[in-house]
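In case you want the letters, here they are:
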Amino acid sequence: MQGFAVTPKRDCPHVARAFRREAMPESIQYGAPCAACGDTNENWICATCFEQNCSRYVKGHAARHFEQTHHPVGLSFADMSFWCYECDSYIEHRSLRPLGNIARDAKFSTPPPMAAEVTVPSTTTPSGCKLTVLRERNKELTIADCTLPDALLFNNCKHCVVSLPSGELVELAASHCEQCMITVAARLQRGILHIHGCSDARFVLHNNVPTVVLEDSLSVDVSVPADWASPCVFVVKCCKNVRILVGSTVHAIPAKVNNGGFAFQLASGSLVEKTVEDYETANGAITKLVMDANAPDDTPPVKTTPVTPTPTSTTTTTTPTATTTPTDSAAAPPGGKTGYGHSTEEEITEFFDKPAVFQTKMEQLISLIRASSYIVVYTGAGISTSARIPDYRGPQGVWTMRDRGEHAKMDITLEEAKPTKAHMAMSELVTRGVIKYVVSTNVDGLHRRSGIPADKISELHGNCYIEHCKKCKTEYQRTFDVGNTKNTELYAYDPHATGRLCSKPGCDGYLIDSIINFGESLPVVTTQLALAESRKADLALVLGTSMRVHPACDMPPLARQLVICNLQKTPFDNDCVLRVFEKTDAIMEAIMTALAIPIPEFNSS
């Protein structure tokens with residue numbers, strides 16, 4: 001397992017003079033050039049004057065800015081962390097959160113805590129059909145039902161999450177969109193969704209789309225419900241790495257189909273291959289969309305109106321009983337702490353609620369679950385400790401032991417680890433629709449192995465079983481840890497290279513792992529999906545994480561109500577409506593018993 005996070009210093013004395021909220025701008029431009037050299041990579045922003053400068057990996061102008069101005073605190077657009085030059089350390093402080101929020105929203109999404117509702121302006125085509133063209137960047141939009149135009153084109157949109165509610169459209173198309181997620185619940189009169197020239201995109205369909213045409217696209221997922229009511233045809237032409245997700249079943253379109261003109265008919269949850277000619281003979285020629293991908297540039301801009309957030313409830317707290325005391329820290333390695341583990345005895349200490357208190361809290365949690373309609377679960381390393389995989393900051397965790405000059409004990413390989421009762425219970429609740437989505441910082445792959453489908457989880461830090469082609473983006477899910485087979489020569493060229501090559505015909509790309517190491521940016525689409533689901537949640541359930549890693553720890557508080565279940569204290573304990581100190585297996589067993597749902601056994605097949 002690789003490390004990718006540090007615990008920031010929480011008592012920086014320089015924040016008070018470094019940052020003044022009243023001086024903070026309303027918005028920040030992501031991708032703005034370095035003030036000194038003009039570089040547009042993910043720069044650092046000064047928390048005092050808000051000037052952006054490049055990192056030490058470019059020309060080091062952020063550090064030079066500190067030397068010239070003595071503004072001590074900066075924020076990195078790469079991983080949304082704060083650094084104090086005077087402390088020479090990563091830091092965390094409540095007063096800095098507003099700056100972190102607007103920086104995160106500039107990079108990933110829209111102003112928190114919920115999506116905006118859009119009033120869509122439209123123009124008229126020569127044929128008399130109202131045409132609306134959306135060109136957006138880094139937006140999360142909900143298009144109001146009452147304003148749906150006749151024809152809607154998403155053209156050159158990037159890093160967007162868009163929802164179309166139930167309603168009616170004549171036509172719908174997406175052209176040259178990158179890293180976008182578009183959810184379609186509207187009925188299409190002409191019955192065709194046209195996807196052209198898109199890459200790294202996901203389309204979530206809720207019935208009423210009889211035909212999906214994909215052309216000249218790369219790495220596109222189309223997701224439909226498992227109980228799709230009516231027949232649907234997917235026409236795929238000149239595409240690579242297209243997947244059709246039917247419920248939890250993933251259908252990867254073979255390369256020979258991607259490069260030709262083939263169709264797949266979906267009926268009763270199964271895909272049947274047909275040629276385009278067969279489909280046209282049986283169903284008539286595919287209607288040509290009237291939308292033009294080169295629509296006029298004078299389309300009126302989209303206006304947004306923020307939605308008022310729902311207030312949170314009162315916090316319920318109970319003083320737990322401490323049962324674990326950390327060992328003496330005198331065994332720390334020469335040179336002091338690595339900076340990865342907890343820095344105080346109180347942070348390391350694990351607590352357990354007394355049995356009567358735990359039972360009372362479980363009754364409160366069950367009531368919250370029954371009253372919630374959209375539950376999102378967030379998991380950390382604590383959910384996998386019963387699978388004999390060590391956590392990071394526990395008394396015997398990876399970083400805790402490293403700070404003592406020792407190594408954490410792991411007497412099995414990742415391939416030998418099996419999903420725990422908590423993993424299997426969560427998988428069953430996802431299948432039954434009780435849990436709508438899962439966000440995890442774990443790389444052990446146990447959530448996917450437990451049966452949670454790819455479209456129901458964001459693995460923010462990657463998955464040790466997944467590698468993908470650097471060139472064509474084709475994903476491979478293995479039965480072994482892909483990081484254990486790295487080629488030394490390739491590693492020197494690319495630290496993520498696994499030593500294998502892509503098996504797609506005509507592609508000579510090399511494969512890379514999906515693990516996000518410390519200092520690397522999170523995958524944009526994965527993070528966008530996690531943020532979008534977090535804002536939908538009326539209940540966020542945190543399991544087995546001390547909530548120290550940004551931006552993952554900023555997502556659960558976006559829900560209307562927050563419940564934290566972890567043995568160690570977290571920085572967000574005062575923000576939750578219920579705080580539980582118990583192991584995750586015991587918590588999930590209690591939930592499943594109360595809901596009268598059996599926990600399935602893990603089946604390796």
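Structure's up top.
As the structure is a prediction and not an experimental result, all values here were calculated from the model. (Residues numbered from 1 in each chain as written. Predicted model: local features only at pLDDT ≥ 70, side-chain atom pairs only at ≥ 80, totals over all residues. Heavy atoms only, no water.)

Engineer: Whenever I open this one, the pattern of salt bridges confuses me. Can you help?
Structural biologist: Pairs may arise between side chains of opposite charge once their charged atoms sit close together. Inspection of the entire model under this criterion finds 13 salt bridges. In this structure, R243 engages D221 in a salt bridge whose closest nitrogen and oxygen atoms are separated by 2.7 Å. Here R243 is found in strand β21 (residues 240-246), whereas its partner D221 is found in strand β19 (residues 218-224), with 22 residues between them in sequence. Side by side, R243 and D221 carry an identical accessibility label, which is buried. The network of salt bridges with shared partners includes R202, D221, R243 and E475. (Salt bridge = Lys/Arg side-chain N within 4 Å of Asp/Glu carboxyl O. Helix = DSSP H or I, 4+ residues; strand = E, 2+ residues; numbered from the N terminus. Buried < 20%, exposed > 50% of the residue type's maximum accessible area, 1.4 Å probe, protein only.)

Engineer: It is not clear to me how helix α2 (residues 61-69) should be interpreted in this structure. Could you clarify?
Structural biologist: Count 3.6 residues to each turn of an α-helix, and residues three or four apart come out pointing the same way. Turning to α2, its buried residues number three or more, namely H61, A62, H65 and F66. Along the long axis of α2, the arc covered by the buried residues comes to 155°, so they all point the same way. Turned more than 90 degrees off the buried face of α2, the exposed positions are E67 and Q68. Summarising the contacts, the buried residues of α2 are in contact with β1 (44-46) and β2 (52-53). Within two residues after α2, H70 carries a phi angle of roughly 60°, on the positive side. (Arc of directions from axis to C-beta. Contact = heavy atoms within 4.5 Å.)

Engineer: Can you walk me through the packing of helix α7 (residues 355-371) against helix α13 (residues 584-594) in this structure?
Structural biologist: For any two helices packed against each other, one specifies the inter-axial angle together with the distance between the axes. Packing of α7 against α13 leaves a shortest axis separation of 10 Å and a crossing angle of 60°. For the element pair α7 / α13, the angle class is oblique. Viewed along their axes, α7 and α13 form a crossing whose handedness is right-handed. Of α13, the residues touching α7 (which contributes F358, M362, L365, I366, I369 and R370) are A586, I587, A590, I591 and A594. Its residues assigned to classes, the contact of α7 with α13 shows 10 nonpolar, no polar and one charged. (Axes fitted to C-alpha atoms, helices over the stretch in contact; angles between N-to-C directions. Parallel < 35°, antiparallel > 145°, perpendicular 65-115°, else oblique. Left-handed = near helix turned anticlockwise from the far one by under 90°. Nonpolar A, V, L, I, M, F, W, Y, C, P; charged D, E, K, R; others polar.)

Engineer: Looking at this structure, how should I read the nonpolar core?
Structural biologist: Nonpolar side chains in soluble globular proteins generally cluster together in the buried interior. Core analysis: the largest hydrophobic core is formed by 45 residues, its most contacted members being V73, I91, L99 and V439. Counting residues per element, this core draws most heavily on helix α12 (residues 524-536), at four residues. With 39 residues, the next largest nonpolar core counts L152, C160, A174 and V242 among its residues. (Core = buried A, V, L, I, M, F, W, Y, C linked by side-chain atoms within 4.5 Å.)

Engineer: How should the side chain of H447 be read in this particular structure?
Structural biologist: In this structure, H447 sits in helix α10 (residues 446-450). Take H447: its relative accessible area is 2%, and that puts it in the buried class. Those residues in contact with H447 that lie beyond four places of it in its chain are T379, I383, H423, M426, V438, S440, I452 and I457.

Engineer: How do you make sense of the environment of A497 when you look at a structure like this?
Structural biologist: Positionally, A497 belongs in strand β33 (residues 497-501). Sequence separation of A497 and V482 is 15 residues, and the distance between their C-alpha atoms is 9.5 Å.

Engineer: Explain unusual backbone geometry here, please?
Structural biologist: Trans peptide bonds make up the majority, and among non-glycine residues the majority have a negative phi. Phi at H176 is positive, roughly 55°, even though this residue is not glycine. Look at K473: it is not a glycine, yet its phi comes out positive at around 75°. One can find K473 in the loop between β31 (466-469) and β32 (475-477). For K473, a relative accessible area of 33% puts it in the partly exposed group.

Engineer: What's the story with the environment of S503 in this structure? I'm lost.
Structural biologist: By the secondary structure assignment, S503 is in the loop between β33 and β34 (510-513). When the C-alpha positions of S503 and C469 are compared, they lie 9.2 Å apart, and in sequence the two are 34 residues distant.

Engineer: Sorry if this is basic, but what is going on with the sheet that holds strand β29 (residues 435-440) here?
Structural biologist: Each strand in a sheet pairs with its neighbour through backbone hydrogen bonds, running either in the same direction (parallel) or in the opposite one (antiparallel). In spatial order, the strands read β30-β29-β28-β35-β36-β37; together these six strands make up an open sheet with parallel pairing. What marks the edges here is a single partner per strand, and that holds for β30 (457-459) and β37 (578-580). The average undirected angle you get between the axes of adjacent strands in this sheet is 15°. Bridge count for β29 against β30 is three bridges, and the pairing is parallel. What sits directly across from V438, in β30, is I457. Along the sheet face, helix α9 (residues 421-431) touches β28 (375-379), β29 and β35 (539-543) and points at about 140° away from the line of β29. Where α13 meets the sheet, its contacts fall on β35, β36 (562-565) and β37, and the angle it forms with β35 comes to roughly 140°. (Pairing = 2+ DSSP bridges.)

Engineer: I would appreciate a short explanation of the side chain of N442 in the present structure.
Structural biologist: Structurally, the position occupied by N442 is in the loop between β29 and α10. Reaching out from N442, the side chain makes a polar contact with the backbone nitrogen of A381 at a distance of 3.0 Å. Ignoring sequence-local partners within four residues, the contact set of N442 consists of T379, G380, A381, I383, S384 and G462. (Polar contact = N/O pair within 3.5 Å; in protein donor to acceptor, adjacent residues only side chain to side chain.)

Engineer: Would you explain the pairing of β31 in this entry?
Structural biologist: Two faces make up the sheet, and in a regular strand the side chains alternate between them. Pairing of β31 with β32, which is carried by three bridges, proceeds in the antiparallel orientation. Residue pairing for β32: H468 is matched across the bridge by E475. As consecutive antiparallel partners, β31 and β32 are separated by five residues, and within that stretch K473 has a phi angle of approximately 75°, a positive value. In this sheet, β34 lies alongside β31 in antiparallel orientation, the contact comprising three bridges. Its bridge partner lying in β34, E467 is registered against D513.

Engineer: How do you make sense of the pairing of β19 when you look at a structure like this?
Structural biologist: Counting buried positions along β19 yields six of seven residues, so the element is predominantly enclosed. With five bridges joining them, strand β17 (residues 199-205) and β19 adopt parallel strand pairing. Bridging across to β19, R202 finds its partner in D221.

Engineer: Hey, could you run me through the packing of aromatic side chains in this one?
Structural biologist: Each aromatic ring pair is characterised by the separation of its centres together with the angle its planes make. All told, the structure shown has five aromatic pairs when counted by the stated rule. Taking 5.3 Å as the distance between ring centres and 65° as the angle between the ring planes, the aromatic pair formed by Y30 and F77 counts as edge-to-face. Taken as a pair, Y30 in the loop between α1 (15-18) and β1 and F77 in the loop between β3 (73-76) and β4 (82-84) lie far apart in primary sequence, 47 residues in all. Positioned over the ring face of F581 is R579, at 4.0 Å from the centre of the ring. (Phe/Tyr/Trp six-rings, centres within 6.5 Å; stacked < 30°, edge-to-face > 60°. Lys NZ or Arg CZ within 6 Å of the ring centre and 35° of its normal.)

Engineer: Sorry if this is basic, but what is going on with the packing of α9 against α13 here?
Structural biologist: As a packed pair, α9 and α13 sit with axes 8 Å apart at the nearest point and diverge in direction by 35°. Like other packed secondary-structure pairs, α9 and α13 cross with a definite hand, here left-handed. Where α9 approaches α13, its residues K421, A422, A425, M426, E428 and L429 are matched on the opposing element by T584, D585, M588, E589, I591 and M592. For the contact of α9 with α13, a count of residues per class yields seven nonpolar, one polar and four charged.

Engineer: Quick question: what am I supposed to make of the state of the cysteines here?
Structural biologist: Each disulfide is one covalent bond, formed between the sulfur atoms of two cysteines. A complete count under the given rule lists zero disulfides for this structure. Free of any disulfide, C54 has its nearest neighbouring cysteine sulfur in C37, separated by 3.8 Å. Relative accessible area serves as the criterion here: at 0%, C54 is assigned to the buried category. Sulfur of C502: no disulfide; nearest cysteine sulfur belongs to C472 and is 3.8 Å away. (Disulfide = S-S within 2.5 Å.)

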